[in-house]
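Listed below, chain by chain, are the residues.
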Amino acid sequence: MATRHDTAAPPTKEGGAAPGRPPVTVSPEAARKRARLSRRWQRDMRWSPYAFVSPFFLLFLAFGLFPLIYTGWASLHQVELTAPTDMSWVGLRNYTRIFDDEFFWNAARNTLTIGIISTVPQLLMAMGIAHILNYKLRASTFYRVVMLAPYATSIAAASLVFVLLFGRDYGMINWALNFVGIDAIDWQSDKWPSQIAVSSIIIWRWTGYNALIYLAAMQAIPQDLYESAALDGANRWRQFLHVTLPSLRPTILFTAVVSTIGASQVFGEPLLFDVNKGASGGSEHQFQTLGLYLYEQGWVNQHLGRASAIAWTMFLILIVIGIVNYVISRRLRASS
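Please read these numbers as outputs of a predicted model, since none were measured by experiment.

> Please give an account of the confidence of the model for the protein chain that cites residues and values.
Per-chain confidence: the protein chain averages 85 in pLDDT, with 92% of residues scoring 70 or above. Note on residues 1–9: pLDDT is under 50 here. Beyond four places in sequence and across chains, it has zero contacts. Counted against residues more than four places away or in other chains, residues 12–18, with its pLDDT under 50, gives two contacts.

As structure tokens, this is what we get:
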């Protein structure tokens, strides 16, 4: 019969545990190197995010904050374009002069009317286009690219095309009006027709952009809301009124504020629409905006101090618009 021979484990030290690995000894130089790498890693994790965002802040300081502060300082001086380094302190005289200037108030009224004429139809058309594109359509990607094409078009090219369309003698718009029995309109000399023509350029350029914003917001609305409304017997029109519009209130407010800010800074369209290519906004300043008025004072009349005051006035107007947006958005969030 086979006999089993079990061998016992060798005796251990005190505590009965088997001997482990010998301790690893680290030289002082290796320990110092490891400590340096650890500190470098900690510094990198702490400061690298600031290094990544620093180019934006450097560019903002150079091309945003510094010009803003310098313009505010120049608005308190009499400065001419021919000698921009010669400044004479005048205090608030530049502001009082522009507020007493009838051309400033004319430009402000034109900016307001052009803003209303261009913003309201623009947002309404963008909402309708987005509502159509929100349904399943063939080649929907193609239609979205087409909607964004006017936004990518040059202002100069678009304005020159619209100048040809609104030509008094050979323009296509007057040809179409004459075809239905309406006399030709002088789109560049009369006040309201010229403002409508300038607003049409803005509408054409920005409607597709706002439509894509509305479309993105519509696609974020849960489908359960539409299904519940359909079960309750609501047709598509009622779903749009009672589901889509309430869900789009923050987006509508955003586009309204952005369009208002853009309308207050309109410059290229009226400048290129003028047949004389001047900053007067027509022979009688009938479509001169605040942007054109600023350009006329600073680079035509060469009054940089007064132009700086106009720029700061426009900046304060934008601050007021931002405050109104903040108050309305807070109320909307509180009501929802």
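> I'd like to hear about the pairing of strand β1 (residues 77–80), residue by residue, with values.
Every other side chain in a regular strand lies on the same face of the sheet, so the side chains alternate between the two faces. Of the two faces of β1, the one holding H77 and V79 is buried and the one holding Q78 and E80 is not buried anywhere. With three bridges joining them, β1 and strand β2 (residues 83–89) adopt antiparallel strand pairing. If you follow E80 over to β2, its bridge partner there is A83. With antiparallel pairing between neighbouring strands as the criterion, β1 and β2 make up a hairpin whose turn holds two residues.

> Let's hear about the nonpolar core: which residues, and what values?
If you look at the biggest cluster of nonpolar residues, it comprises 16 residues, and the most contacted ones within it are M127, A130, Y214, M218, I221, V243 and L248. Those elements that provide at least two residues to this core are α3 (102–133), α7 (191–219), α8 (223–231) and α9 (236–247). Each residue touching M218, except ones within four places of it in the same chain, is listed here: M127, A130, H131, N134, F240, T244 and L248. Core analysis: the next-biggest nonpolar cluster, separate from the first, contains 13 residues, F162, L177, V198 and I202 among them.

> Tell me what's going on with a positive patch on the surface, and back it up with residues and numbers.
A grouping of R32, K33, R36, R39, R40 and R43 is seen on the molecular surface, where their side chains present a positively charged patch. Following the sequence through the fold, R36 ends up in helix α1 (residues 28–74).

> Would you mind going over helix α10 (residues 249–264) in detail, with residue names and values included?
Helix length check: α10, at 16 residues, gives a terminal C-alpha distance of 23 Å against a target of 22 Å (1.5 Å per residue), a fit within 8%. Against α3, α7 and α13 (304–335) lie the buried residues of α10.

Calculation criteria
- Residues numbered from 1 in each chain as written.
- Predicted model: local features only at pLDDT ≥ 70, side-chain atom pairs only at ≥ 80, totals over all residues.
- Heavy atoms only, no water.
- pLDDT = per-residue confidence, 0-100.
- Contact = heavy atoms within 4.5 Å.
- Buried < 20%, exposed > 50% of the residue type's maximum accessible area, 1.4 Å probe, protein only.
- Helix = DSSP H or I, 4+ residues; strand = E, 2+ residues; numbered from the N terminus.
- Pairing = 2+ DSSP bridges.
- Core = buried A, V, L, I, M, F, W, Y, C linked by side-chain atoms within 4.5 Å.
- Patch = residues over 30% accessible without salt bridge, like charges linked within 9 Å, V, L, I, M, F, W, Y side chains within 5 Å.
- Areas by Shrake-Rupley, 256 points an atom, 1.4 Å probe, with all protein chains shown as cover.
- Salt bridge = Lys/Arg side-chain N within 4 Å of Asp/Glu carboxyl O.
- Lys, Arg positive; Asp, Glu negative; His and termini not counted.
- Charge placed at Lys NZ, Arg CZ, Asp CG, Glu CD.
- Expected span 1.5 Å × (residues − 1).

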